Amino acid sequence: MTVLTRVSRRRFLQLTGVAAGGLVLGAALPGRAALAGVLEQSSGAALNVFVSIREDGTVEIVAHRSEMGTGIRTSLPQIVADEMEADWQRVRVIQAQANPAYGSQNTDGSRSVRDFYPVMRQMGAAARTLLERAAADAWGVPAAQCAARNHSVVGPDGRTLGFGELAARAATLPMPEPSTLRMKPESDFRYVGHGLPIVDLQDMTVGKATYGIDVHLPEMLYASIERSPWLQGRIKALDADAARTVAGVSEIVELRAVEGPPGFNPIEGVAVLASNTWSALRGRGALQIDWTRSEHSEHDSAAYLDELVARVEGGPGEVRRRRGDVEAALASAQQVVTATYRTPYLAHAPMEPPVATARFSDNGCEVWACTQTPQATRQAVADALGLDVDAVVVHVTLLGGGFGRKSKPDFAVEAARLAAHAGRPVQVVWSREDDIRHDYFHACSAQHFRGALDVGGRVTAWLAREASPPIGATFDTTVSMNSEGGLSQTFASVPFAVPNLQIESHPAPAHVRIGWLRSVYNIPYAFGVGCFVDELAHAARRDPIEFWLALIGDDRLLDFSGEGFSYSNYGRSLEDYPYDTARLAAVIRALADRIPWKTPLPAGQGWGFSVANSFLSNMAVASKVEVRDGRLRVLEMHGALDAGRIVNPDRVHAQMEGGMIFGLSLALNGEITFGGGEAQQSNFHDYPVARMLQVPPLIRTYILPSEAPPSGVGEPPTPPVAPSIANAVFAACGQRIRELPLGRHFNV
Amino acid sequence: MKLTVNGTLRELDCDPEMPLLWALRDLLQLRGTKYGCGKGLCGACTVHLDGKARRSCQVTVAEAGAAAVTTIEGLSADGTHPLQQAWREHNVPQCGYCQPGQLMAASALLTASPTASDDEIRSGMSGNLCRCGTYPRIHAAIKSAQGKVPLADQAGD
């Protein structure tokens, strides 16, 4: 049951920092728990999204989620504008500050549109209803004879009143009962389903878009921080004499770590404050620091991964999902196929590194940050400074990429602590080296698979074991097994119609800060699963795409409950978002129909295929590669996506292109290694990301038409890419690569 | 120190060894030029010196002093450089952070090689990283702007 509430102009001003016009309204929705992320700071407050109309007719729509490149600052307001019959040319988008009134602002998990599509429609419908009622009052006619059309309300005899003329009157009317709201038929949508250009397009092409690093306050100091090279290191000795002599340097500050798990807390470090970024970087370079050792300062990633491999190959782990009797089926199989895959640690490397600016005063702390989690940022700053959360204001800038890194507000806490110390505004700038060495790293993994085939080439058993350091360890260091949420990302949720199936986990204690990266555990698990299906297909002498379809089996809705596995379904119920194998099979067929999959290729070339269900969407990818003289080139990538109803198809195509290139970049190049507890990469020379020359000249994206509820878009295009490329390599040259990145094996 | 930026002579009180990037951003408040790596590896800080693309993180203020510096803010007076228009027609940006550098690299490329082939565009633009993966659209936008870019940059005149 939805409750619509009026919001005062004063309240709107408090929430956005922008003075509101005549009409302001909001929606309070119970059931917020279903929308909130696991790590969301719970406030218990209602969810509100606000629309305001100025006297001049400008409709202001609040974007409460963070813009990091998905186009969300356009897509969500575009739904409101459509439903309320606003003219998009007269809409102004306002970025929300952090506030629980909006419900979750935690921009990750590919859930902005899927969670807020109905809310945005309701907001638009409520605004339209008020405007229609205001016109009816003004004319003394029944509201049923008044209809909003393109920024005006049209009366019975064709007379009109503009939204701006109606705003003041509409603001005095009682809020409509949600049950009385009349939604627009979807066939009448003018904006939803159309590729509106993003609202920041002009600014972004003239250098006027404001990112976290572009914030500038009077009297602001710039800070660069030298942090402990390994997890839980502490300052043992500091010599800052040379740093103090650097021109522009004003102060050296020791930033002591708080005890406990890493969480969102800053890493212990020494900050150099200066009048400009370059002086801060130079001063920081002149610091001499000895660090204490810790239980993680011997971490060696190669040896660690060997250990994980030994564990998954060595014996049974904890059973996470079980169907039938895998051991018996393997024992009686016509053929058993076995393979082990390993994937490395990864860094996010958004083009804009983490940057935050803070100003501290008697009234509290004000923060400007390129954050994916405004509310968690606010809470973390309040906790760090001992402030009431109401005394912290978080302004959200544009994000120069996020990919999950900017979900973790440690950098904002650093800025807040330094501003409180310095008594002047401080901007903390992470260098690229800081970003790559001190990331919340994407987990490495070892995965072992055994498959049984019968005489007819059908899979009779699927055994899968994994060991991968869990994200949970970042918040509770006693956690060493991946969670059900983690295993729900492809590994344990495989949609296979096999009679015997068993999924097992081994522990993998974390020695670095583990965090989530675009598509999260689907990256390693879709690689292992997608490659092993291909291996089984070849062992069974079947076409891989036909084999995938046979393995998925008859069209059905999946239900994991009888197999001991509590499938997370990305936080949504299976009633609202069923896992429908018919839709999964449909993306496979749609892609297969669009590529010359069976046309013979020249020697050294091959096609590879994979598919993954993630974030409630289905995505299939086919890659064509050439392997010649040790050099691997990806020639083509094709992707097909079913993400339910599409709000902005141009941005969805853009996310598919970008998500596939992100996957290609990780598959070919992505690897962070550790020695002596330290990350051994530091910048784009040793942690390369895809350049234009590495990207296939031909990338095609297909969106399956659907009227199902919207599902994830930002992340689903990534997981099937790596297995599609590795499978193509096998088709091209017969080499089965079971370890990422592919750049370890070929010149890429 | 003196710099000529976007046609205007600017005076700076700074270490002559300061990279142009930080002088533009922190001292001249021209923040369209972005920091990405500080090592000349990513191209986010690309500007023009006498019409040629340079990484402003790798050029000192002293070195830049003799040249005409053009930043994204000066690529065109009103955002209507053919490449800026093409970028909008193709909806190139996602997060947008690298795009000033991409535009400065692309404009220098087309000024030097107006008829650059597909492969020459790919090679010429490969110094500029985009983590969002807008490369296919950057390539398409450059192709569509070919023949429309003036042969000499305004600041290179």
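Position numbers for residues count from 1 along each chain, tracking the sequence in the order it is written. Each chain is given a letter, starting from A, and each ligand a number, starting from 1, according to the order in which they appear as written. pLDDT decides what is reported in this predicted model: residues at 70 or higher carry local features, side-chain atom pairs at 80 or more are listed and counted, and totals for whole chains, interfaces and linings draw on all residues regardless. No hydrogens and no water enter the side-chain calculation; it runs on all heavy atoms of the structure.

> Explain the overall build of chain B here, please?
Looking only at helices and strands, chain B has 6 helices and 5 strands in total. Reading chain B from its N terminus to its C terminus gives the helix and strand order β-β-α-β-β-α-β-α-α-α-α. What you see for chain B is a C-alpha radius of gyration of 15 Å, in line with the 15 Å of a compact globule of 157 residues. For chain B, the C-alpha atoms occupy an extent of roughly 40 × 30 × 25 Å along the three principal directions. For helices the rule is a DSSP run of H or I covering at least 4 residues; for strands it is a run of E covering at least 2, with both sets numbered from the N terminus onward. Using C-alpha atoms as the atom set, the radius of gyration is obtained and then compared with a globule rule of 2.2 Å times the number of residues to the power 0.38.

> For this particular structure, what's the right way to read the overall build of chain A?
Regarding its fold elements, chain A presents 19 helices and 28 strands. For 748 residues, the compact-globule estimate of 2.2 N^0.38 gives 27 Å, and chain A sits close to it at 27 Å. Seen through its principal axes, chain A has C-alpha atoms that stretch 80 × 70 × 45 Å. Per-residue accessibility, obtained with a 1.4 Å probe over protein chains only, is compared with the maximum for each type, and a residue is labelled buried under 20%, exposed over 50%, and partly exposed between these values. For chain A, the residues scored as buried account for 66% of the 748 residues in total. Note on contacts: a residue pair is in contact if any heavy atoms of the two residues lie within 4.5 Å. A separation of at least 24 residues holds for 79% of the contacts in chain A among residues at least 6 apart in sequence.

> Hey, could you run me through the confidence of the model for chain B in this one?
Atom-level detail of predicted coordinates should not be read off regions where pLDDT is low. Looking at chain B, pLDDT values average 95 and 96% of them are 70 or higher. Within the model, the stretch residues 153–157 of chain B combines pLDDT values under 50 with 11 contacts to residues more than four positions away or in other chains. Confidence of the prediction at every residue is given by pLDDT, a number between 0 and 100.

> Can you help me understand the sheet that holds strand E21 (residues 459–467) of chain A in this one?
Within a sheet, adjacent strands bond to each other through the backbone by hydrogen bonds, running parallel or antiparallel. Residue and element names in this part refer to chain A. Ordered in space as E14-E22-E21-E20-E15, the 5 strands form an open sheet in which the pairing is mixed. Edge positions in the sheet fall to strand E14 (318–323) and strand E15 (335–343), since each has one partner strand and no second. Going across the sheet, the axis of each strand differs from the next one's by a mean of 10°, ignoring polarity. Between any two strands, pairing holds if DSSP finds at least two bridges. One ladder, built from 8 bridges, connects strand E20 (residues 445–453) with E21; its direction is antiparallel. Looking across to E21, one finds that His448 is bridged to Arg465. Axis geometry follows a simple rule: fit a line to the C-alpha atoms, using only the stretch in contact for helices, then measure angles between N-to-C directions, giving values from 0 to 180 degrees.

> Just checking my understanding: could you explain the domain arrangement of chain A for this structure?
Frequently, the measure chosen for interface size is the accessible area removed from exposure when the parts meet. Residue and element names in this part refer to chain A. Throughout the structure description, domain borders are defined by an automatic or database domain assignment. Splitting chain A by domain gives domain 1 (3–206), domain 2 (212–294 + 354–429) and domain 3 (301–347 + 440–744). The C-alpha-based centres of domain 1 and domain 3 are spaced at 38 Å. The interface is formed by 24 residues belonging to domain 1 together with 23 residues belonging to domain 3. The contact between domain 1 and domain 3 buries some 1700 Å² in all, and 55% of this surface belongs to carbon and sulfur atoms. When two parts are put together, the accessible area they lose, computed with a 1.4 Å probe and summed over both, is reported as buried area.

> Would you explain the side chain of Glu268(A) in this entry?
Residues and elements named next belong to chain A. Position of Glu268 relative to the elements: it lies in the loop between strand E11 (249–255) and strand E12 (269–274). For Glu268, a relative accessible area of 2% puts it in the buried group. Two N or O atoms count as a polar contact when they lie within 3.5 Å, although within protein this holds only if one can serve as hydrogen donor and the other as acceptor, and sequence-adjacent residues are included solely when both atoms are side-chain atoms. Within the structure, the side chain of Glu268 is placed 3.0 Å from the side chain of Arg256, a separation counted as a polar contact. Contact partners of Glu268, with chain neighbours within four places excluded, come to Glu226, Arg227, Ser228, Gly233, Arg234, Ile235, Leu255, Arg256, Ala257 and Trp291.

> Looking at this model, I keep getting lost on the packing of aromatic side chains. Mind explaining?
Each aromatic ring pair is specified by the distance between its two centres and by the angle formed by the two planes. Residues and elements named next belong to chain A. Ring pairs are drawn from Phe, Tyr and Trp, using the six-membered ring of Trp, whenever the two centres fall within 6.5 Å, and their geometry is named by plane angle: stacked under 30 degrees, edge-to-face over 60, tilted for the rest. The final tally for this structure, using the stated rule, is 26 aromatic pairs over all chains. Relative to Phe532, the ring of Phe449 has its centre 5.2 Å away and its plane inclined at 20°; by these criteria the two rings are stacked. Linking Phe449 in strand E20 with Phe532 in helix H15 (residues 522–539), this pair joins segments that are 83 residues apart in sequence. With respect to class, Phe449 is no different from Phe532; both count as buried. With 4.8 Å between their ring centres and 70° between their planes, Trp462 and Phe496 make a pair best called edge-to-face. A residue pair is termed long-range when its members are at least 10 positions apart, and Trp462 in strand E21 and Phe496 in the loop between helix H14 (484–487) and strand E22 (500–506) qualify at 34 residues. Residue classification places Trp462 among the buried residues on the basis of a relative accessible area of 0%.

> Even after reading the chapter, I still don't get the interface of chain A and chain B, so can you show me in this structure?
Counting residues at the interface gives 59 residues for chain A, matched by 50 residues for chain B. Of all residues in chain A, Trp278(A), Met351(A) and Met692(A) bury the most surface against chain B, accounting for 19% of the area lost on that side. Here a salt bridge means any side-chain nitrogen of Lys or Arg lying within 4 Å of a carboxyl oxygen belonging to Asp or Glu. On inspection of chain A and its partner chain B, the count reaches 6 salt bridges. Between Asp650(A) and Arg137(B) there is a salt bridge, and its shortest N-O distance comes to 2.9 Å. Where chain A touches chain B, the interface holds 30 residue pairs in polar contact (both at pLDDT 80 or more). For the side of chain A that touches chain B, the leading source of residues is helix H18 (residues 649–669) of chain A, giving 11 residues. Nonpolar residues are Ala, Val, Leu, Ile, Met, Phe, Trp, Tyr, Cys and Pro. Charged residues are Asp, Glu, Lys and Arg, and all others, Gly as well, are polar. Taken together, the residues that form the side of chain A that touches chain B break down as 33 nonpolar, 17 polar and 9 charged.

> So what exactly am I meant to see when it comes to the packing of helix H4 (residues 112–139) of chain A against helix H5 (residues 163–170) of chain A here?
Any two packed helices are characterised by the angle at which their axes cross and by the distance between the axes. Residue and element names in this part refer to chain A. The geometry of H4 relative to H5 is characterised by a closest axis approach of 9 Å and an angle of 90° between their N-to-C directions. Between H4 and H5, the angle is such that the two are roughly perpendicular. From H4, Leu130, Leu131, Ala134, Ala135, Asp137 and Ala138 reach across to H5, where they touch Phe163, Leu166, Arg169 and Ala170. The residue inventory of the contact of H4 with H5, partitioned by class, reads 8 nonpolar, no polar and 2 charged. Between 65 and 115 degrees an angle is taken as roughly perpendicular, under 35 as roughly parallel, over 145 as roughly antiparallel, and anywhere else as oblique.

> Sorry, what's going on with the sheet that holds strand E25 (residues 631–642) of chain A here?
Residues and elements named next belong to chain A. Taken together, the 4 strands give an open sheet; going across it, the order is E23-E24-E25-E28, and neighbouring strands pair in mixed fashion. The sheet terminates laterally at strand E23 (605–614) and strand E28 (698–703), the two strands that pair on one side only. Pairwise comparison of adjacent strand axes, ignoring direction, gives a mean angle of 15° for this sheet. Here E25 runs beside E28; their pairing, made up of 6 bridges, is parallel. By the bridge assignment for E28, Gly639 is matched with Thr701. Helix H17 (residues 581–594) rests against E23, strand E24 (617–628), E25 and E28 of the sheet, and its axis sits at about 35° to E24.

> Would you mind showing me how to read the environment of Asp388(A) here?
Residues and elements named next belong to chain A. With respect to the helices, strands and loops of the structure, Asp388 is situated in the loop between helix H11 (374–385) and strand E18 (392–396). It is 27 Å that separates the C-alpha atoms of Asp388 and Gly404, two residues lying 16 residues apart in sequence. A polar side-chain atom of Asp388 sits 2.9 Å from the main-chain amide nitrogen of Asp390.

> How do you make sense of the pattern of salt bridges when you look at a structure like this?
Across all of its chains, the model carries 55 salt bridges over all chains by this definition. We note a salt bridge from Arg121(A) to Glu83(A), for which the minimum N-O separation is 2.8 Å. Here the residue Arg121(A) occupies a position in helix H4, and Glu83(A) occupies one in helix H3 (residues 72–84), the gap between them amounting to 38 residues. On the accessibility criterion, Arg121(A) (10% relative accessible area) is buried. Taking the relative accessible area as the measure of exposure, Glu83(A) reaches 0% and is therefore buried. Across the pair Asp15(B) and Arg282(A) runs a salt bridge whose closest N-O atoms are separated by 3.7 Å. Residue Asp15(B) is found in the loop between strand E2 (8–11) and helix H1 (20–27), and its partner Arg282(A) is found in helix H8 (residues 277–285); the two belong to separate chains. Its relative accessible area of 35% is what places Arg282(A) among the partly exposed residues.

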